[in-house]
Amino acid sequence: MRVLFVAGALALTLAACQTAQESAVDAEFTCREAGLRPGTRSYDRCVNAAYNSNRRQADQAASQVAVGTAAALVGGAVLGAATAPRGYYYRCNAWGCW
């Protein structure tokens, strides 16, 4: 069970890999590639729109990974409960179960 929690935490960390600074650099690059000149009003609007789009996509990706991880944990718990031995007299020790 610990492995699932560690894997989930790692997946959540990796899902939000794009930092705010990387989003800003990507937005500036996108607007320069579109032919807009830095310092103009249209360039500023383009950068703001591209930055907001990048951050929204990063947040959505992180949310999707979180939902997937939660579903996997719940599924594992349900599967574990379904396959667990039942019965009042079921006991286990070092020599086996009876």
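Residues numbered from 1 in each chain as written. Predicted model: local features only at pLDDT ≥ 70, side-chain atom pairs only at ≥ 80, totals over all residues. Heavy atoms only, no water.

Engineer: I'd like to hear about the environment of Ala-24, residue by residue, with values.
Structural biologist: Tracing the sequence through the fold places Ala-24 in helix α2 (residues 20-33). Looking at Ala-24, the relative accessible area reads 26%, which means it is partly exposed. In this structure, the C-alpha to C-alpha distance between Ala-24 and Val-47, residues 23 residues apart in sequence, is 7.5 Å. (Helix = DSSP H or I, 4+ residues; strand = E, 2+ residues; numbered from the N terminus. Buried < 20%, exposed > 50% of the residue type's maximum accessible area, 1.4 Å probe, protein only.)

Engineer: Can you explain the nonpolar core? Please cite residues and give values.
Structural biologist: Formed by Ala-27, Cys-31, Tyr-43, Val-47 and Ala-50, the largest nonpolar core amounts to five residues. For this core, the element with the highest residue contribution is helix α3 (residues 41-83), accounting for three residues. (Core = buried A, V, L, I, M, F, W, Y, C linked by side-chain atoms within 4.5 Å.)

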